[in-house]
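So you can see what is in the structure, the chains are spelled out below.
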Amino acid sequence: MLTFVGLGLYDERSVTIAGRDAIREADRVFAEFYTSRLVGTDLESLEAFHETDIEVRDRAGIERDPEPILDAAEREDVAFLTAGDTMVSTTHTDLRLRAEERGIETHVVHGTTAQTAAASLTGLQNYRFGKATTLPFERAHGGDGVPDSVVRVIEDNRSRDLHTLVYLDIKVDDPHWDDGDDTYMTADRAATLLAEEFPETLAVVVARAGSPNPVVAAGTLSELAERSFGDPLHLLVIPGELHPVEEETLDAIADA
């Protein structure tokens, strides 16, 4: 069997009880942390908490060479771990399909995601979120400013009064990214880039969702660009037209 386990948002304790049990019962445990990370912990702490060894694979080791994982899952019970939920944002459907094609039984143990946390922490209604997008570092997409694709997603959602969840780029452990470069896109940097397209647009920052002390702050993108929001992970929400209850909530908890 190959069991996909979402570890949740922040540290080794963010996993569900079902996820913890699946990890402890597995014969081998693999993980990837290139799509997202648990910034409140490290590999040693994860292994100690789950009382197991964890084999970390890079992007190539998951997407181009998944055979060691699949070979193991043909003979043993294998757990595959990611931050968040393995089938939301950090989607590993391809790995699951490869397993099914080889007759390997698969199972998914869900974890809390940034998508659900963004709605919960901001008070913005979950069913009013439209298509999400990711804002890359400028050098990562080879251009200046914000990619047209990101602008189109935000504009399309706003035209339908939908909120946009903007994930921010992560380049940790990317072999093509210089060590001297920032590896986490911060919310203030993202707001600076987006303010060029949407200067007076309301936005909401969510920092360190899932931690004991998450930050939720609202303001125009130009205002948020002048602030610092501390350690990663950060994300941004660009709201559509607000419901009165959403307005009240942002005013009360995000100082809108």
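Please refer to the structure placed before this passage.
To start, this report covers the structure provided alongside it. This one's a predicted model, so the numbers in the text were calculated from it and none came from an experiment.

Comments concerning the sheet that holds strand β7 (residues 164-168)
Backbone hydrogen bonds are what pair the strands of a sheet, in a parallel or an antiparallel way. The strand order across the open sheet built from five strands is β6-β7-β10-β8-β9, with neighbouring strands paired in mixed fashion. The open sheet has two free edges, formed respectively by β6 (133-135) and β9 (215-220), since each of these has just one partner strand. Ignoring which end each strand starts from, the neighbouring axes of this sheet average 25° apart. As paired strands, β7 and strand β10 (residues 234-238) are joined by four bridges and run antiparallel to one another. Considered in β10, the bridge of V166 is made with L236. Relative to β7, helix α6 (residues 114-122) is tilted by about 120°, and along the sheet it contacts β7, β8 (202-207), β9 and β10.

Structural notes on the pattern of salt bridges
Charged atoms that come close allow side chains of opposite charge to pair. Counted under the stated rule, the structure contains eleven salt bridges. We note a salt bridge from R59 to E63, for which the minimum N-O separation is 3.2 Å. Here E63 and R59 lie together in helix α3 (residues 59-63), a separation of four residues that amounts to about one turn. Classification of R59 by relative accessible area gives partly exposed; the value is 45%. Ionic pairing is found between R160 and D156, a salt bridge with its closest N-O pair at 3.1 Å. Under the relative-accessibility criterion, R160 is labelled partly exposed at 48%. A network of salt bridges, in which partner residues are shared, links E67, D71, E74 and R102.

Some details on the side chain of T164
Within the fold, T164 resides in strand β7. Among the polar contacts made by the side chain of T164, one reaches the side chain of N157 at a distance of 2.8 Å. Those residues in contact with T164 that lie beyond four places of it in its chain are K131, T133, V153, I154, N157, L236, V237 and I238.

Some remarks on the nonpolar core
In terms of nonpolar packing, the biggest core is built from 26 residues, with L135, L194, L221 and L236 touching the most fellow members. Going through the elements one at a time, α8 (148-159), β7, α9 (187-195), β8, α10 (221-224) and β10 are the ones with two or more residues in this core. Sorting elements by how many residues they give to this core places α9 first, with six residues. The contact partners of L135, leaving out residues within four places of it in the chain, are V146, P147, V150, V166, Y167, L168, D169, M185, A190, L193 and L194.

Cut-offs used in this document
- Residues numbered from 1 in each chain as written.
- Predicted model: local features only at pLDDT ≥ 70, side-chain atom pairs only at ≥ 80, totals over all residues.
- Heavy atoms only, no water.
- Pairing = 2+ DSSP bridges.
- Helix = DSSP H or I, 4+ residues; strand = E, 2+ residues; numbered from the N terminus.
- Axes fitted to C-alpha atoms, helices over the stretch in contact; angles between N-to-C directions.
- Contact = heavy atoms within 4.5 Å.
- Salt bridge = Lys/Arg side-chain N within 4 Å of Asp/Glu carboxyl O.
- Buried < 20%, exposed > 50% of the residue type's maximum accessible area, 1.4 Å probe, protein only.
- Polar contact = N/O pair within 3.5 Å; in protein donor to acceptor, adjacent residues only side chain to side chain.
- Core = buried A, V, L, I, M, F, W, Y, C linked by side-chain atoms within 4.5 Å.

Read these as geometric descriptors, not functional statements.
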